Amino acid sequence: MAAVPEERLDVLNAAGEKTGVSKPRSEVHRDGDYHRAVHVWIYSESTGELLLQRRADCKDSWPGQWDISSAGHISAGDSSLFSAQRELEEELGIKLPVDAFELLFVFLQECVINNGTYTNNEYNDVYLVTTLTPIPLEAFTLQESEVSAVRYMRCDEYKSCLAKESEEYVPYDVNGKYGQLFNIIEERYKDNTQSRSLTLQKQINRYAPIHLEPDLTTLSEGDREALGYILKAAIVIDDIFYEQVWNSNRMLRDWLKGHSESSALDKLKWAYYSINKSPWSCLDENKAFLSTADSAVKLLTDATKPVSGWKGVEYRAAFPLDKPPGANFYPPDMDKMEFELWKSSLSDKEQKDATGFFTIIKRLDSLSSPSLTQSDGSDQIKTSDDLFIVPYSKEYISSLEKAAELLEKASACSDSPSLKTLLRTKANAFLSNDYYESDIAWMELNSNLDVTIGPYETYEDGLFSYKATFEAFIGIRDNTATSQVKLFGDQLQDLERNLPMDNVFKSDSVSAAPIRVINLLYNSGDVKGPQTIAFNLPNDERIVNERGTSMVMLKNISEAKFKHILKPIADACIREEQKEYVDFEPYYTHIVCHECCHGIGPHSITLPSGKKSTVRLELQEFHSALEEAKADIVGLWALNFLIKKGLLPKSLSQSMYVSFLAGCFRSIRFGLEEAHGKGQALQFNWLYDKGAFVLHSDGKFSVDFTKVEDAVESLSREILTIQAKGNKPSAQSLLQSRATLTQPLRVALEKIEHMQVPVDIAPNFGTANKLLGKV
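Residues numbered from 1 in each chain as written. Predicted model: local features only at pLDDT ≥ 70, side-chain atom pairs only at ≥ 80, totals over all residues. Heavy atoms only, no water.

### Topic: the nonpolar core
One broad trend across soluble globular proteins is that nonpolar side chains are buried collectively. Core analysis: the largest hydrophobic core is formed by 164 residues, its most contacted members being Phe430, Phe488 and Phe665. The leading source of residues in this core is helix α24 (residues 623-644), at 12 residues. Excluding its chain neighbours within four sequence positions, the residues that come into contact with phenylalanine 665 are Ile569, Cys573, Phe684, Phe701, Leu745, Ala748, Leu749 and Ile752. (Core = buried A, V, L, I, M, F, W, Y, C linked by side-chain atoms within 4.5 Å. Buried < 20%, exposed > 50% of the residue type's maximum accessible area, 1.4 Å probe, protein only. Helix = DSSP H or I, 4+ residues; strand = E, 2+ residues; numbered from the N terminus. Contact = heavy atoms within 4.5 Å.)

Now the structure itself:
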C-alpha cells in the first residue's frame, strides 16, 4: 500500500501572514516555522462545562493529556473555518455548519518540547461552539489515532487545574492571552440583567426619536400607486443588507424580534439591535453589545450518530466579538495578504471583478451557500485558487428577483417618464449585475417622487472599501429648495480649476453635479446607526469621469439634527460671543457644499509609475475616512471661494466656521471607527494645532477668524495631494497621527455627555408605515 503523503502546512511570517510557501508538517516543527492551527471548544450553557478530549498515547506532542475539545493544523490551502469543521468531524464525529463556530481570539503559542526536537510556533484560531445542553458522550465517534476519551468539565475546575500546571492537562497560561477563553465565558453568563438593561437603555437614549410625515400632495395618482411597490422593494433591500453585514445576521434579527416581548431586557436588545442592524454598536467603535449567548438557537438532528431519547444538537448561531472587517463580502478567515497573493494570480479582467463593487469573494470549501451548491457555475468567475468570485446577481438572486418584480410593477404604475426609466433599468440591473444604465437614469431622475435604490456605499468593507452595500432612500422632492442650491453645481468646474493643489492633478472635465433636495419618507438597507443627511452618487469612477455625480439632500433630516443635536452642542461647547453664529443656514449650506466637493478633486489618477488607477483602489481601507475629510474641508474652502466671488453672502464668512466647529463635535461622537467620525477628528485636530480653533479656560471653544482660512487651505492641499498621488502610506500616517481622540476633543465630549445631548436621531416613518399597512 502506498504511503500517505505527509500533511503540508502554509508557512507564515512572524506577523501570521501567509508567505506563499508550504512545507511538510515535520519540517515545519523541525525548523520552527510559524504556521496556523484551529482550537475548537464545545461549551454547554446549561451546565457551564467545557468538553475535553484525551489525546491519544501515540501523539508526537502531549500524548495522553487532556486537551481542547478538538484541534488540528490548517493544511496548506485550507481555510480556518473549514479546518475547524473538519477536525471536529474527524476527531469527534460531529458535523456542524459554519454558523456554529464563534472565533473568540487568535493565540500565538511559542514553545519547544520533546527535548528540543519539536518547535511549535503556532497561530491558533480559537473557536467556541455553544450548545444548550451537553452532547451525550455516546453520541461521539472518536478517532482512535487522535483521541482516546472525552469528558465534560466545569470551566472553573478546568481553569484551576491549568493554573496549578497539572501534568494531566496540556499546558495553557490562564493568566496570559489564553485566559480570555475563561474570562469571556464567565462574563457572558454571569447574572447581570439589571446592569445590561441600564447600559442598553443609555445607549438607546443617545438617539432622539423623530417622526417623518412628509406631504404627499405633490404626487400624481400613478406615482402614489408606484410608491407602495417601491416601499415593498425597499424592505427586500433591507434583507440583503442584513445578509451583507454578517452571514447569520438575518437569523439573529428574526430571533431577537420574535423574543422581544419575553422580558424587558429582550425588548431593549431588539430596540438597540434595530438601530444598529447588527450586534455591534455603531457609536461605540463597533463594540459588541450582544454575545452569542443572546443569539438564535438551531437544532441539528443528524450532527452526530443517533442516541436513543436525544433529539440532537441544539446550538447558538455564533457571531464574533469583533465585527468582521470584511463583513460578509469575503471569507471571515481571509486576510489581506491572502487576498493580494490570490489577486496577483488572476487575469486583468478577473482582478477587476475581484475588486469590483458588485461581487463577493468565497472559498471553494464554503458549502453553506445555496447560490454555490445549486448553480451550474456559469455565472461564477472561477480562478485557479481556493478563492473565487460570485456576482451579487447570483449571491442574492432570490431577493433581487423579488425586488426587480416590485420595481417593474412600480414602473408600470408611475406617471413620471424619468421615474419609470429608473425603476425599469434598476430592475434590470438587479438581475444583470450591470448598474451603469440604471445609475445614469438615477442621475437624470426628475420626479416629485425621488428614489435611490441599489448597491452604493462601501463603508462596510473594512478590508478594502471595494464592496457596495444595498440601500434605499425614498423621498418627496422639495422643488423650491432644489432650485436654491443649483449654484453649487454650476460652479464645480471653477472650483476644480482653483483647488489648492498642483495644477497637474486637476481635471478639466468636471461636470456640474445636479442637486436634488428631498424630504425623506423612508429608508432601508445601509442606514444603520447615525442617519445620513446627504449623499453623493454614484461611486462608479466610469460615471464620475463621464458625467460627474448627483447629490441628494435630506432636508427634513438636516433640520431634525440641527434642532435636536447641533444647537444643544453649541450651547455646551461654543463661547457665548460666537454662539449666535451657529445657524441652520450655514450648517445646511456646508452640507450642500460637502456633497458637491465629493465630485471634485482626484478620482481616477495616474501613479508615478505611469499606471492608471483610482484613489479608492490605491488608498483602500483609508479611502473612506480621507474622502469624507476632503469633502468637509474642501467644502469650507469652496464656501470661502464663492463668498469672495460674491456668489454667496458675506454673512456666511464667520458663521460657517463656527457652525462647522460645533458640527465637528457632533460627528466625532459617531466614533473613530466610522469614516465620518474619523475624518472629522482629523480636521478638528489639524485646525486646532494651527490655532484656528481655540480652547478657553472655561472649557468652551471659539474660532480664530485670522487663522482659520489658511488652516483650511493647508489641510485641503494635504489631503488632495495624498489622493492625487495615491499615496497610501501618507494617508495612513495622516489618519493615525491626527484622527485621534485628543484632550481638547475629550473636553468637548465630556461637556456634551454631561448635558446628555443626543448623538443622533432615530426616525419613525409614520407616513410610510401607514402606506405599507394599506398595500
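There's more to say after this.
### With respect to the packing of helix α5 (residues 193-204) against helix α8 (residues 264-276)
Helix packing for two helices is described by the angle between their axes and how far apart those axes are. Two numbers describe how α5 lies on α8: the axes approach to 9 Å, and their chain directions differ by 30°. Classified by the angle between their axes, α5 and α8 sit roughly parallel to one another. Of the two possible hands of crossing, α5 and α8 adopt the one that is left-handed. Along its contact with α5, which presents Thr193, Arg196, Ser197, Leu200, Gln201, Gln203 and Ile204, the element α8 presents Leu265, Leu268, Lys269, Ala271 and Tyr272. Per-class residue counts for the contact of α5 with α8 are 6 nonpolar, 4 polar and 2 charged. (Axes fitted to C-alpha atoms, helices over the stretch in contact; angles between N-to-C directions. Parallel < 35°, antiparallel > 145°, perpendicular 65-115°, else oblique. Left-handed = near helix turned anticlockwise from the far one by under 90°. Nonpolar A, V, L, I, M, F, W, Y, C, P; charged D, E, K, R; others polar.)

### With respect to the environment of alanine 429
Positionally, alanine 429 belongs in helix α14 (residues 417-432). The spatial distance from the C-alpha of alanine 429 to the C-alpha of glutamate 186 is 49 Å, given a sequence separation of 243 residues.

### A few points about the sheet that holds strand β18 (residues 470-477)
With respect to topology, 5 strands assemble into an open sheet ordered β17-β18-β19-β21-β20, the strand pairing being mixed. Edge strands, defined here as strands with exactly one partner in the open sheet, are β17 (449-455) and β20 (534-537). Taking each pair of neighbouring strands and ignoring which way they run, the sheet shows an average axis angle of 35°. Alignment of β17 against β18, held across 7 bridges, turns out to be antiparallel. Paired with isoleucine 453 across the two strands is alanine 472, which belongs to β18. Helix α20 (residues 555-573) contacts β19 (515-525) and β21 (550-554) of the sheet and is inclined by roughly 80° relative to β19. (Pairing = 2+ DSSP bridges.)

### A word on unusual backbone geometry
Note the cis peptide between leucine 537 and proline 538, where omega equals 0°. Its place among the elements puts proline 538 in the loop between β20 and α19 (541-547). Backbone geometry places glutamate 165, a non-glycine residue, at a positive phi of 60°. In this structure, glutamate 165 sits in the loop between α3 (155-163) and α4 (180-189). Look at glutamine 756: it is not a glycine, yet its phi comes out positive at around 55°. For glutamine 756, the location among the structural elements is in the loop between α29 (743-754) and β26 (760-764).

Everything listed here is a matter of coordinates, which is why it stays silent on function.
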